[in-house]
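Examining the three-dimensional arrangement
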2 protein chains.
Amino acid sequence: MARDTAPRLLRQFKPSPDIAASDGKVGNLILRSLPRKESSLLFPEMEFVRLMLHQVLHEPGEVIRSGYFLNSGLGSLLTTHPDGKTVEVGLTGNEGFIGLPVIFGFKTSALRVVTQGDGTAYRVEIGTLLRMLPRCPELERQLQRFSMLLGMQSTQLAACNRLHDVTERLARWLLMSHDRIGGTVLPLTQEFLAQMLGSRRASVTGAAGILQRAGAIEYSRGSVGIVNRAKLEESSCDCYVAIERQKKRWLVEAN
Amino acid sequence: MARDTAPRLLRQFKPSPDIAASDGKVGNLILRSLPRKESSLLFPEMEFVRLMLHQVLHEPGEVIRSGYFLNSGLGSLLTTHPDGKTVEVGLTGNEGFIGLPVIFGFKTSALRVVTQGDGTAYRVEIGTLLRMLPRCPELERQLQRFSMLLGMQSTQLAACNRLHDVTERLARWLLMSHDRIGGTVLPLTQEFLAQMLGSRRASVTGAAGILQRAGAIEYSRGSVGIVNRAKLEESSCDCYVAIERQKKRWLVEAN
DNA sequence: ATACATTTGTACGCCTGCGTACATTTATAT
DNA sequence: ATATAAATGTACGCAGGCGTACAAATGTAT
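To start, this report covers the structure provided alongside it.

What counts, and at which threshold
- Residues numbered from 1 in each chain as written.
- Chains lettered and ligands numbered in written order.
- Predicted model: local features only at pLDDT ≥ 70, side-chain atom pairs only at ≥ 80, totals over all residues.
- Heavy atoms only, no water.
- Least-squares fit on C-alpha atoms with pLDDT ≥ 70 in both.
- Buried < 20%, exposed > 50% of the residue type's maximum accessible area, 1.4 Å probe, protein only.
- Helix = DSSP H or I, 4+ residues; strand = E, 2+ residues; numbered from the N terminus.
- Pairing = 2+ DSSP bridges.
- Contact = heavy atoms within 4.5 Å.
- Buried area = accessible area lost by both parts, 1.4 Å probe.
- Salt bridge = Lys/Arg side-chain N within 4 Å of Asp/Glu carboxyl O.
- Polar contact = N/O pair within 3.5 Å; in protein donor to acceptor, adjacent residues only side chain to side chain.
- Nonpolar A, V, L, I, M, F, W, Y, C, P; charged D, E, K, R; others polar.
- Near = heavy atom within 4 Å.
- Axes fitted to C-alpha atoms, helices over the stretch in contact; angles between N-to-C directions.
- Parallel < 35°, antiparallel > 145°, perpendicular 65-115°, else oblique.
- Left-handed = near helix turned anticlockwise from the far one by under 90°.

1. Here we look at the relation of the copies chain B and chain A
Relative to chain A, chain B is turned by 180° and slid 0.0 Å along the rotation axis, the superposed coordinates differing by an RMSD of 0.0 Å. Within this description, the copies of the chain are treated as partners about a two-fold rotation axis. Among all residues of chain B, the one whose C-alpha sits closest to the rotation axis is Ala158 of chain B, at a distance of 1.8 Å.

What follows is the structure, encoded as structure tokens:
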């Protein structure tokens, strides 16, 4: 099976605290939106951590010990299958939180969560978070709203997986990632993309070739450069804009 | 396009109240689990309604005016596309609630919600529900938990749509529906199923033929009989059990 | 009873993506 | 510098599903 070599990509690391790194800049949008009352309660309890490429934050079936507010980089939510196949069913960057099930009283993760691109996050132990929540109503509301947004996203991805071909989905994926990762060069192997898209690595090669010939991206061993976002949007299915549109609409409604 | 005739199936009806019908039996599991305190607040504000086949409860982009606690029958959550294609991205029966976005402060639906099979529900106006929620903490918790379960379901469907063929998905769909509809005969046309599965009607014909020859179902003009559930489970992909397993696990954890 | 609409069966050519395999290129370690 | 590992390009046959079309069967209305 083509996926036999794949799992090596997804190594398990322990995020390590970085004492000197918390240089005052909070990238996470949920944290930034909190009233001073709540953030002053919260921040002393959190740990600033550096996340590396392909770190596994949560594993399906395992107890969720920490939650993560991403400042930069992104996290992919994946379903896993016995034969090693994976499919990305959700994606979040600094707009969200990783560890949602605990907010609703559940203890284990249903999905694998993998980081993509180096980044930083505020990590919080679940016990601590649950103790804080009753005193942080705005945080709770934000987390709940985000869970709905993420749910909407995955319904759109469900449809996307059904209706659109590899090239369209690859373009959509690159757009979503580009939005969440600073810079125009994304560190990506085709094997990794295949795991995100739930396709063969060889199919990704083909799709990447099409996007490259269209002048949208530039591919070279382990990194993708976005050279023309407009063309990338042309090559993508509507799912990208559908998600963005709905997100905006709801965020307006909620105020 | 093959779907040109399809929308006729999804007629818009207004659910009509049925005064004499509320014969004391509450089928909805969320409502049944509520403490007397909350249900006595809630029930006077709700209306018992009869739902007919293929009623459209919510339409994407439209303001959600009423929420529904299903007692029987089921509701399908569908993404819609400009060309008329639809894909089911969620499914709920008497275990859930229809109208989740409003719980989190959003006003419009992102999805089309269609009933399948005759059934009944308790309908509540959104304004009323939102006024009740602060006084019904258990209801709020239940609704939030259900939204997470539904989210998990749609992530599984996202993967399912990517990895499994029509026959497996049809079998999965029938199992999920069978769980939620009383009786072994489901009123279904192949055209309707095609809209659920996001496939051609002709593909459904083929898949239904396979399941029929396997002795799992019996198909005849507009209705499917489940004649052998075990065989149906054999023909289905793991997604059915994956969803059920995770649901059970989480429900245990949450107590 | 007859006409009409709906539902189902079936067929055709086509294209995408799968599983698999192997060669080639590029980076990394010794 | 050389060996090893990782990443990419490419090829092959094959299966599933698509779009489309039309005929047959089965309800429903007049």
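2. Let's talk about the pairing of strand E4 (residues 66-70) of chain B
Residue and element names in this part refer to chain B. Here E4 lies mainly inside the structure; 5 of its 5 residues are buried. The side-chain alternation of E4 yields two buried faces, one formed by Ser66, Tyr68 and Leu70 and the other by Gly67 and Phe69. Pairing between E4 and strand E8 (residues 119-125): 5 bridges, direction antiparallel. Looking at the pairing, Ser66 lines up with Glu125 of E8.

3. Comments concerning the interface of chain B and chain A
As a measure of interface size, the accessible area lost when the parts come together is often cited. The partner chain A presents 40 residues to the 40 residues of chain B that form the contact. Summing both sides of the interface, chain B and chain A together bury roughly 3500 Å²; the carbon and sulfur share of this comes to 65%. Considering only the side of chain B, the residues that lose the most area to chain A are Phe104, Phe106 and Arg162 of chain B, jointly responsible for 19% of the buried surface there. Linking chain B to chain A there are 0 salt bridges. Applying the counting rule to chain B against chain A returns 16 residue pairs in polar contact (both at pLDDT 80 or more). Residue composition of the side of chain B that touches chain A, grouped by class: 18 nonpolar, 15 polar and 7 charged.

4. With respect to the protein's contact with DNA strand C
DNA strand C sits among 21 residues. The nearest are Asp165, Val166 and Ser203 of chain A together with Arg221 and Gly222 of chain B. In the interface set of DNA strand C, defined as its atoms within 4 Å of the protein, sugar plus phosphate atoms amount to 58%. A distance of 2.9 Å separates a base nitrogen of DNA strand C from a polar atom in the side chain of Arg200 of chain A. One nitrogen or oxygen atom from the side chain of Ser203 of chain A is found 2.5 Å from a phosphate oxygen belonging to DNA strand C. The leading source of residues in the surface near DNA strand C is helix H7 (residues 201-213) of chain B, at 3 residues. Here the residues of the surface near DNA strand C are counted per class, giving 5 nonpolar, 7 polar and 9 charged.

5. Some words on the protein's contact with DNA strand D
Taken together, the neighbourhood of DNA strand D is formed by 21 residues, with Gln190 and Gly222 of chain A together with Asp165, Val166 and Ser203 of chain B sitting nearest. The protein-proximal atoms of DNA strand D, defined as those within 4 Å of the protein, are 57% sugar or phosphate. Take Lys85 of chain B: an N or O atom from its side chain is 3.1 Å from a phosphate oxygen of DNA strand D. With 3 residues, the top contributor of residues to the surface near DNA strand D is helix H7 (residues 201-213) of chain A. Here the surface near DNA strand D is composed, by residue class, of 5 nonpolar, 7 polar and 9 charged.

6. A few points about the packing of helix H4 (residues 137-163) of chain A against helix H5 (residues 166-180) of chain A
All names here are of chain A. Running from N to C, H4 and H5 cross one another at 155°; their axes reach a closest spacing of 11 Å. Our classification of the angle between H4 and H5 gives roughly antiparallel. In the crossing of H4 with H5, the sense of the turn from one axis to the other is left-handed. Across from Gln153, Leu157, Cys160 and Asn161 in H4, the residues of H5 making contact are Arg169, Arg172, Met176 and Arg180. Residue classes in the contact of H4 with H5 are distributed as 3 nonpolar, 2 polar and 3 charged.

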